[in-house]
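One letter stands for each residue in the lines below.
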Amino acid sequence: MITCRRYLSLASGVLLLSFFMAYPAFAQESAKQDPADSPIGMIFRWLNFLIVFGAISFLIAKHGGAFFSSNAKEISASIVEASAVKAEADRELAQAQAKTENLNNDLEKLRQEAQQNWTAEKERLRASSVAEIEKINQAAVAEMAASERAAQQQLRHVAAALSVERAAALVTSRMNPEIRSKMFQSFLAKLERGSN
């Protein structure tokens, strides 16, 4: 940090430099013989210069130190804050680079997982399809067996009906009044035996 003495020496250096730069202009004006250019005028000029220089130096010494100190503290705080922000940005950049580097590995892992999931799903669908086909086959076999039983039952009924019709036709064709009368007599005899 710059101290008050350094500020004073810096300010005095600036004023001396400005004086020496302005001196040639003063030298040209001296040719006119102005009373202000007399040796006493020159002393007053120097006195004026020293008073202004002293006032400026005093103000810089009194208020400049606090101003420059607070300004230096603000700059220092800004530097610390900027360093913290830079460190955070560097950390985030490192994380982003690490993620970018691992992106290919992550993509490959995702591809492998997707392939495994697809294979498992394909196997599950195949097994489900096989089970469904087996159920359909069993249902078809059961339905065919039921249809077969129903057809056999219907065939028995048709065969029985045809047998009865044929027997009736045969009995009717062989039946004559004499056989009927014997049958009727036999039936009545059975009834009489049963009632006794």
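Since this is a predicted model, take the numbers as computed values, not measurements. (Residues numbered from 1 in each chain as written. Predicted model: local features only at pLDDT ≥ 70, side-chain atom pairs only at ≥ 80, totals over all residues. Heavy atoms only, no water.)

1. So, the confidence of the model for the protein chain
Detailed conclusions should not be drawn from predicted coordinates in areas where pLDDT is low. Put simply, the protein chain has an average pLDDT of 81, and 83% of its residues get 70 or more. Mean pLDDT in the protein chain bottoms out at helix 1 (residues 4-29), which sits at 64, and peaks at helix 2 (residues 39-174), which reaches 85. (pLDDT = per-residue confidence, 0-100. Helix = DSSP H or I, 4+ residues; strand = E, 2+ residues; numbered from the N terminus.)

2. Considering the pattern of salt bridges
Should their charged atoms come close, side chains of opposite charge can pair. In this structure the tally under the stated criterion is five salt bridges. Between Asp90 and Lys86 there is a salt bridge, and its shortest N-O distance comes to 3.0 Å. With a gap of four residues between them, Asp90 and Lys86 both fall in helix 2, about one helical turn apart. Linking Glu121 and Arg124 is a salt bridge whose minimum nitrogen-to-oxygen distance equals 2.5 Å. Here Glu121 pairs with Arg124, and both are found in helix 2, just three residues apart, close to one helical turn. (Salt bridge = Lys/Arg side-chain N within 4 Å of Asp/Glu carboxyl O.)

3. Observations concerning a nonpolar patch on the surface
On the surface, Ile40, Ile43, Phe44 and Leu47 cluster together into a nonpolar patch covering about 420 Å² of accessible area. Residue position: Ile40 is located in helix 2. Classification of Ile40 by relative accessible area gives exposed; the value is 55%. (Patch = residues over 30% accessible without salt bridge, like charges linked within 9 Å, V, L, I, M, F, W, Y side chains within 5 Å. Areas by Shrake-Rupley, 256 points an atom, 1.4 Å probe, with all protein chains shown as cover. Buried < 20%, exposed > 50% of the residue type's maximum accessible area, 1.4 Å probe, protein only.)

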